[in-house]
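Chain and residue survey
So the chains spell out like this:
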Amino acid sequence: MLGGEPRRSLQPQRPHSPASAMDHYDEDQDYMPQEDDWDRDLLLDPAWEKQQRKTFTAWCNSHLRKAGTQIENIEEDFRDGLKLMLLLEVISGERLAKPERGKMRVHKISNVNKALDFIASKGVKLVSIGAEEIVDGNAKMTLGMIWTIILRFAIQDISVEETSAKEGLLLWCQRKTAPYKNVNIQNFHISWKDGLGFCALIHRHRPELIDYAKLRKDDPMTNLNTAFDVAEKYLDIPKMLDAEDVVGTARPDEKAIMTYVSSFYHAFSGAQKAETAANRICKVLAVNQENEQLMEDYEKLASDLLEWIRRTIPWLENRMPENTMQAMQQKLEDFRDYRRLHKPPKVQEKCQLEINFNTLQTKLRLSNRPAFMPSEGKMVSDINNAWGGLEGAEKGYEEWLLNEIRRLERLDHLAEKFRQKAAIHESWTEGKEEMLQRRDYETASLSEIKALLKKHEAFESDLAAHQDRVEQIAAIAQELNELDYYDSPSVNARCQRICDQWDALGALSQKRSEALQRTEKLLETIDQLYLEFAKRAAPFNNWMEGAMEDLQDSFIVHTIEEIQGLSTAHEQFKATLPEADKERQAILGIHNEIAKIVQTYHVNMAGSNPYTAITPQEVNAKWDKVRQLVPLRDQSLIEEHARQQNNERLRRQFANQANVIGPWIQTKMEEIGRISIEMHGTLEDQLTHLRQYEKSIINYKPKIDQLEGDHQLIQEALIFDNKHTNYTMEHIRVGWEQLLTTIARTINEIENQILTRDAKGISQEQLNEFRVSFNHFDRKRTGIMDAEDFKTCLISMGYNLGENEFSRIMSVVDPNRMGVVTFQAFIDFMSRETADTDTADQVMASFKILAGDKNYILADELRRELPPDQAEYCIARMAPYGGPDAVPGALDYMSFSTALYGESDL
């Protein structure tokens, strides 16, 4: 054979009859069992061959005309394989391999082999049919091949009451002709000779086309011609046989009759499905349109809430401090406005968003749609995460505000303290450098030198006493820097001047001391009374200056105990005043003794006490100042004590309410948990009860608002702790929001259960049984079952579960993979076990019926079969069809059907 391939054969060759070439397509699949010995004749009956040629040719042309072509001679027109491949593409709706366009024998064999390979790929085992026989125009092999194709694509899929192929087609004929007493269909040959079987099939489905009462069993020619003509004219069934072909043979060809009858089956089986298909599509589209609107509403609400959170968090994360207490108080007031006015509506929106999401998921499950997956970043978990970030920022912002207010308060106190100590020190050091730089000892007398030396010793004692004050000034300046005081540069400059001056005083003091010590040997004793005065007056003067400084020092306290401590210390200080007065009298006595000596011995005193600059007048003036400051300090302490008592009252007032509201909220949360588990009565009764319960909770809101007012008074009084209660306003707010969210979520669950019950037709008794089963296996009484409890529940109900099957069920009831099963998911699963829901394949088959068995559908066909709004909905969303049999305006209903159920993007 020229360039040909070996004959196809899946078993050893043996002599076979012409008919066996058509019967041996696949003995395993048993499309049509071999009957009688006539199929094994060595020669094909000429009458049968004529009938098969005519029938098979008409059948092929009925499909080839869809591609704009036809055949005239069945064994000749299929020799090059081109129309054979085209026929297979039309009837299968699939694309075959690209054909060879050459005219040589090898090209023809290649094309036929591609067609035979395609037939084999559909599960048909071709036996003793090779490409060479078809290319050579072997009539028997060609007819056998066409019969194989007819069996596979026209008869195999016929199914009636669990019978298929030939038996199914025969049963269908018997059922349809059973009401006709003069028709008895037992086979596909002699039962059809009188023509009444064909007429009965037409009359059963289209009684207006044939007047069956006028037909006679003894007039087969009229019967057959009537049936064939009507089928061709009104049913689009081509005329595959002539009446003479059937009447003129003792036994008509079975394959020809089966082919003809299968055309009647396909013509009538599709018409009755159109209305059902249209109704199914309308139902599916209505559900899908509603779900799409719910999805759009969820997306918009989620986007708005996330946008508000996105705008709000940067404001809460702004930690730019203010320099003044007034500015920080304004920030605190703005934050209160946010808590009181702006946030509560958003809490309601967040709760509504969760309710809408749960309702949508319930409706999707009821309509057998996949779970709704929001856009990236808009899941309920994403909303909760963003909300958690908002509340974290909110808490951090409030803490920062309070800390900043404390910091500014302390900064103001430290700055004032720095200014007071610096002013006192600067007053003390005024003129000290000039005094230390004098050279008066050079011309002084011996007594004057002694006096100068003693005076300098007294100065050094005083200088050492002031060392602590300088260190305190430096420490305060350092603390102001660490606390980021806004006027730190001026503080640092003043502190630096004091320190530099102090170092200079130390150096000058050391220099003068050395000079006096050098001249001390030249001088004699100085008056001891001056020295004693100086030594006693200096520390006493320093004590009085310290007392005045302490009495004028400002203070900050936050509790009664702290102000009581200050009052106790003040009383202790007042107790030392008598002893201090005795010391003052003693120092003044020394000065009086000096005056007495001078007067008595007429001592020539040039100037004041050489050992100290402190005078009795100064001592008395400072003592009087101390006595004046004591009652002022008493008054300040009394006023602060009254303020702390008021703060304590505010603490107790807040605590008394918080200690009632906090446990009340916890009790209500526990009651809601018990209600959700131990519900009785109908769902409507439960819903009514829950709504009344919700109303009673909302009526409690004025007490929360009253507590908010008390909390505002506490914050305005700058009270930062409360030992009388463990509840903070933040705890109460969070508990209140959780309480409202929990009751709303519980109500939503009952509404979804009602929705499930009504959609699935579940009785109240069934719901009660579901609740009893769920509660029994909800061992922790949390309102949810974990995976192991759910598995135990299923086993108790008779499910035989493997790991794969249980994983599949968990993916349905727990799509978010949380590892738990809610009662709503449990009800959905139990109701789905008996529910009749639509599938993507059913919708696709419905569209195929409306399209007249085409792989595409036209816009006019949709408008004719569907309501206007749903027809336009389909037209707007269906993609253009790009198959080989596409025509202008063809739409792809297959991908659209798949997209409706989430298997691809719509």
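Cut-offs used in this document
Residues numbered from 1 in each chain as written. Predicted model: local features only at pLDDT ≥ 70, side-chain atom pairs only at ≥ 80, totals over all residues. Heavy atoms only, no water. Helix = DSSP H or I, 4+ residues; strand = E, 2+ residues; numbered from the N terminus. Buried < 20%, exposed > 50% of the residue type's maximum accessible area, 1.4 Å probe, protein only. Contact = heavy atoms within 4.5 Å. Areas by Shrake-Rupley, 256 points an atom, 1.4 Å probe, with all protein chains shown as cover. Polar contact = N/O pair within 3.5 Å; in protein donor to acceptor, adjacent residues only side chain to side chain. Axes fitted to C-alpha atoms, helices over the stretch in contact; angles between N-to-C directions. Parallel < 35°, antiparallel > 145°, perpendicular 65-115°, else oblique. Left-handed = near helix turned anticlockwise from the far one by under 90°. Nonpolar A, V, L, I, M, F, W, Y, C, P; charged D, E, K, R; others polar. Core = buried A, V, L, I, M, F, W, Y, C linked by side-chain atoms within 4.5 Å. pLDDT = per-residue confidence, 0-100.

A tally of regular secondary structure across the protein gives 34 helices and six strands. In the protein, buried positions account for 46% of the 906 residues. In the protein, of all internal contacts separated by at least 6 residues, the share reaching a separation of at least 24 is 75%. Of the roughly 45,400 Å² of accessible surface on the protein, 50% is carried by carbon and sulfur atoms.

For Ser 62, the position within the fold is in helix H2 (residues 46-64). One polar contact links the side chain of Ser 62 to the main-chain carbonyl oxygen of Trp 59, over a distance of 2.5 Å.

This paragraph deals with the packing of H2 against helix H7 (residues 139-155). Packed helix pairs are characterised by how far apart their axes lie and by the angle those axes make with each other. Running from N to C, H2 and H7 point in directions that differ by 50°, and their axes come no closer than 11 Å. On the basis of the axis angle, H2 is oblique to H7. As H2 runs across H7, the sense of the crossing is left-handed. Of H7, the residues touching H2 (which contributes Glu 49, Gln 52, Arg 53, Phe 56, Trp 59 and Cys 60) are Ala 139, Leu 143, Ile 146, Trp 147, Ile 149, Ile 150 and Ala 154. Tallied by class, the residues present in the contact of H2 with H7 amount to 10 nonpolar, one polar and two charged.

As for its position among the elements, Ala 371 is in the loop between helix H14 (325-366) and helix H15 (380-429). Not counting chain neighbours up to four residues away, the residues in contact with Ala 371 comprise Gln 361, Leu 364 and Pro 815.

The biggest cluster of nonpolar side chains holds 79 residues, and the ones touching the most others in it are Ile 149, Phe 198, Ile 202 and Phe 264. If one sorts the elements of this core by residue count, H7 sits on top with 11 residues. Not counting residues up to four positions away in its chain, the partners in contact with Phe 198 are Trp 192, Leu 224, Ala 227, Phe 228, Ile 257, Tyr 260, Val 261 and Phe 264. In this structure, Leu 650, Ala 658, Trp 736 and Ile 747 belong to the second largest nonpolar core, which totals 48 residues.

As a note on interpretation, predicted positions should not be read in detail where pLDDT is low. Looking at the protein as a whole, the pLDDT averages 81, with 89% of positions reaching at least 70. Confidence drops under pLDDT 50 across residues 522-526; counting only partners more than four residues distant or on other chains, this segment forms 15 contacts.

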